[in-house]
2 protein chains.
Amino acid sequence: MLSEKRGDAIDLSHHLSNVARARQTSPLKGLQKWMGKPGLISLAGGLPNAQYFPIASISGELLAPDSFPLKTEPEESSLSWFWKLFSRSDKERTTTFTVDKYPKHPGDLNLATGLQYGMASGLPQMKEILHEFVEKVFQPAYGNWTTLLHTGNTDGWGKTVQTILNPGDGLIVSEWTYPSALAGARPYGIKLVPIGMDAEGMSSAALRKTLAEWDESTRGMPRPHVMYTVPIGQNPTGTTMGLDRKKEIYDICVEYDIIIVEDDPYYFLQEGKYVPKSERVSESDADDETFLARLAPSYLKVDYQGRVIRLDTFSKTVCPGSRLGWFTCNPMFAERLERAAETSSQAPCGFTQLYVTSLLMNWHYDGYIRWLKALRIQYKGRRDYLVDCFAEEFHLQQSISTQGYTAGAQVYYASLKPKRSFIPLSEKDVAYSKPLFSFVPPSSGMFVWIELHLEDHPSFSSLGYKALEMKLWTDIAEAGVLFGPGSMFSATPVDDDTPGHGHFRISFSNSTPEELKKAVTIFGTTLRSFMKH
Amino acid sequence: MLSEKRGDAIDLSHHLSNVARARQTSPLKGLQKWMGKPGLISLAGGLPNAQYFPIASISGELLAPDSFPLKTEPEESSLSWFWKLFSRSDKERTTTFTVDKYPKHPGDLNLATGLQYGMASGLPQMKEILHEFVEKVFQPAYGNWTTLLHTGNTDGWGKTVQTILNPGDGLIVSEWTYPSALAGARPYGIKLVPIGMDAEGMSSAALRKTLAEWDESTRGMPRPHVMYTVPIGQNPTGTTMGLDRKKEIYDICVEYDIIIVEDDPYYFLQEGKYVPKSERVSESDADDETFLARLAPSYLKVDYQGRVIRLDTFSKTVCPGSRLGWFTCNPMFAERLERAAETSSQAPCGFTQLYVTSLLMNWHYDGYIRWLKALRIQYKGRRDYLVDCFAEEFHLQQSISTQGYTAGAQVYYASLKPKRSFIPLSEKDVAYSKPLFSFVPPSSGMFVWIELHLEDHPSFSSLGYKALEMKLWTDIAEAGVLFGPGSMFSATPVDDDTPGHGHFRISFSNSTPEELKKAVTIFGTTLRSFMKH
């Protein structure tokens, strides 16, 4: 499948920041050649004695990798399917593992080393597991890629900012971007360069135009050399970028010498196209290879030069509290990122390394893929359920968008359903039948991103869209539902005079079906009354 | 004991770095006022569903807080005492705790929230525990201090650098300083301002002189406004700074408006003065209040203005793999440090928070103090044992130092013992009887810091001390023992022509008595042969 003759990464060291260049190699690196000697007595480090670690063993009950089914049953009501899920916790199938401080077998995981100071690169068993996983799943296009643990993608991105960006540098982002990623770059004097989007996320045409027309004097900064992107389950819009678009963008990045930072927490939540409930059929099971082949690939698959720094996390596939993830990148960046870890996070927490490593060693590769398959199905069911709720609460009309960040997508326009009433529709009610918001059902991730169309609101022209968005957001919050306010996802600062549309980001990942249903109903009711004032 | 009328911190916001000032308050902060409402449905965040966390419960076997004795038995040989310790692991007294994903009682710790995304400030139970601990143990001198979790003191220091230092700023450090702390500041363009030391660590007279005579034009930087210090178990020298010195330095820092970053991992490893084996008596047990009162206090105890950022860690008292510690500082710094966490580490790992919180809830305050008392005794026994080994291997002579970083301390000068031989001592052997190294037995921490006196070595004048230090270091390493090379602890860059003395830092924290004994013997043998070549 993979050529053994993949070339190595090209020299990209000119992308290192001044801070990254100034980082010293750890003085302990010089001692490493002595470390392997049998019988060596090291009094060089500052290791506390493991006898005094007050924990004798740790244990965990792990769910079976096939705890969740591989198909949803479309003939059942969504609600009954969900409730079956919720009642399952009483009869969870689990296996127990234990890590002792001083285990019997030399190769076993043990607390005495797992809870000791460790190299920032982490436990060797974890490194092996990640290497196998990346090779099989993401298939990097060059030979000497490597992995390095971090404490979650936010940390990974933070270290990347320090490593490849200087103050005053531009950073290429999508016009709508995860605000925490922007908040991790802006304070360091990094300036955002937003690029237009379409139904697959960042537009390659818009990217090329921006770079080709770059004028340092009018822009006030050199042409950017770093891109931050969430290509799968783009946050907030939920788009999925396929192989062809990635190739186009990658080639532009080669041409303009740009490093791509691929933040990909939702890779395994590729839910696919939304199919209305009446047309939905049960998804057939696929073998592991087919399952992986059907997923949109990582940028790593087209990265023949080693210019992609990929961020993976266990936050969505195991749990956010694991604070564990990893970089996949070329060894030059990995070495500098490891130096950055040595003076910040150091190695990820020993408990989490032991838990996640035990989990993956217990499940094996096949078990983890089985878990990921089911996880995708679960979130797909949740996505479907939330969109179904919209279809019940609102009158939805579909049309293909030809412009803006939805260009090329099937957009659902939502208008209020006429209230059942003995009284005929008033002129006002007819106005409501115009679409009040629209959305593209997400093909990946955890969120539905809706665009508001409040042009008919009495205060639209006087308040501006941002203030109106917040006014509606507040009304909904007071009615008992919190949405994510849209303006905080804008890479371009939004003020009261900015023209445009309001947005909300609505999460379907962590609520009961009852809550989702109720939230959509409250949204409908609030919107109806909102348009009257 | 503590006045209820302590004042609040003064305004120190002018110390914030440009990066810290530019950090946005999290957009989610604005949503917090809505969060408490009963029945609220939040679809705003990006929380994965806790059902899909593949861990049903975590457990741990915790050692009893009185697992280790409170006194060493001086009449026993050190070796037999140590071996008793090592065999204890077979009969460890433990209690087991379990944290379930969905526990029965609402107030219990639970995995569903512990492993979910959480506020960077951490679990509320942990925050309560830390508040009680800091109040009772460190007794801050102002009223509105607060705590904030970090992922170990290296991380805490890294975030502090970002928060209160700009590129080009000076940083006050001791002339000998933990190299990793320097490596965390230097790449950001921070310039070190080393201050001379004496037997209590940083010299207040030297500090005052440096600041009073500060000349921006010759120094090439404004007068520094931040100090990094390890006042207990100063790393590498092992000194302990008492209350009076801390008051002197604090007052100077008030006068010159300097923020003190107190990195204090060895606070509970205050071993006290070394007493030679023949004069040693068993230490009497003390009640908790007396135990705490006998420890040199934290800078917090004199900090009436809120200008101390204290870094505590569980690395030495629980385990390094916990990657857990906390800031104690004024709320203004804490708020900016929390913003820094939101775009880097986020909250510390959920596993570690659950383990350490469970441990402390299980032990209670009294149990933890009991554990810390014994921990101190254990490391004291190790310190004594290593120095005893030196006393057996070498001929030691004591004298009070009057200058340099040992000024005021009882220094042990070590010379080689004459080899037992039928042949009378040669002229060369007599030369060896001159001291070849000296040390002050550490009063805190994990290390013995020795200074080399290699003036009689044939290559002393041609090589310089740094090269000779590395030559001896290499000989010792080849003989099977690793010491910490001293020159890496110098805050002033050392090159081949720098005059001075070589040093080694020798850890007694993590080796068996056999290894310590063997290491000192190898050091003696190597030194003997080293001086001949």
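Look above for the structure.
The paragraphs below set out a description of the structure included in this document. Small disclaimer: the values here were computed from a predicted structure and weren't measured.

Now for the pattern of salt bridges. Applying the stated rule across the entire model yields 52 salt bridges over all chains. Notably, a salt bridge pairs Lys373(A) with Asp288(A), separated by 3.1 Å at the nearest N-O pair. In this pair, Lys373(A) is assigned in helix α13 (residues 350-393) and Asp288(A) in helix α11 (residues 288-294), connecting sequence segments 85 residues apart. Note on Lys373(A): relative accessible area 8%, which makes it buried. For the salt bridge of Arg245(B) with Glu248(B), the shortest nitrogen-to-oxygen distance reads 3.9 Å. Placement of both Arg245(B) and Glu248(B) in helix α10 (residues 243-255) is noted, with a separation of 3 residues, approximately one turn of the helix.

Right, let's get into the pairing of strand β16 (residues 447-452) of chain A. All names here are of chain A. Burial analysis of β16 places 6 of its 6 residues in the buried class, the great majority of the element. In β16, alternate side chains face the same way, and those of Phe447, Trp449 and Glu451 on one face and Val448, Ile450 and Leu452 on the other are all buried. As paired elements, strand β15 (residues 437-439) and β16 share 3 bridges and run antiparallel to each other. Pairing of Ser438 across the sheet is with Glu451, part of β16. Two elements, β16 and strand β19 (residues 503-507), share 5 bridges in a ladder whose sense is antiparallel. Each bridged residue has a counterpart across the sheet, and for Glu451 the counterpart in β19 is His503.

Time to look at the interface of chain A and chain B. With 107 residues of chain A at the contact, the number on the chain B side is 107 residues. Interface area, chain A with chain B, both sides summed: about 8,800 Å², of which 61% is carbon and sulfur. Counting the surface chain A buries against chain B, the share from its top three residues, Leu43(A), Tyr52(A) and Leu482(A), is 10%. The interface formed by chain A and chain B includes 0 salt bridges. Remark: the boundary between chain A and chain B carries 50 residue pairs in polar contact (both at pLDDT 80 or more).

Turning our eyes to something else, we now look at the side chain of Thr239(B). Tracing the sequence through the fold places Thr239(B) in the loop between β9 (226-229) and α10. In this structure, Thr239(B) is in contact with Asp198(B), Ala199(B), Glu200(B), Gly201(B), Pro231(B), Ile232(B), Gly233(B), Gln234(B), Ser443(B) and Ser444(B), ignoring residues within four places of it in sequence.

Conventions used here
- Residues numbered from 1 in each chain as written.
- Chains lettered and ligands numbered in written order.
- Predicted model: local features only at pLDDT ≥ 70, side-chain atom pairs only at ≥ 80, totals over all residues.
- Heavy atoms only, no water.
- Salt bridge = Lys/Arg side-chain N within 4 Å of Asp/Glu carboxyl O.
- Helix = DSSP H or I, 4+ residues; strand = E, 2+ residues; numbered from the N terminus.
- Buried < 20%, exposed > 50% of the residue type's maximum accessible area, 1.4 Å probe, protein only.
- Pairing = 2+ DSSP bridges.
- Contact = heavy atoms within 4.5 Å.
- Buried area = accessible area lost by both parts, 1.4 Å probe.
- Polar contact = N/O pair within 3.5 Å; in protein donor to acceptor, adjacent residues only side chain to side chain.

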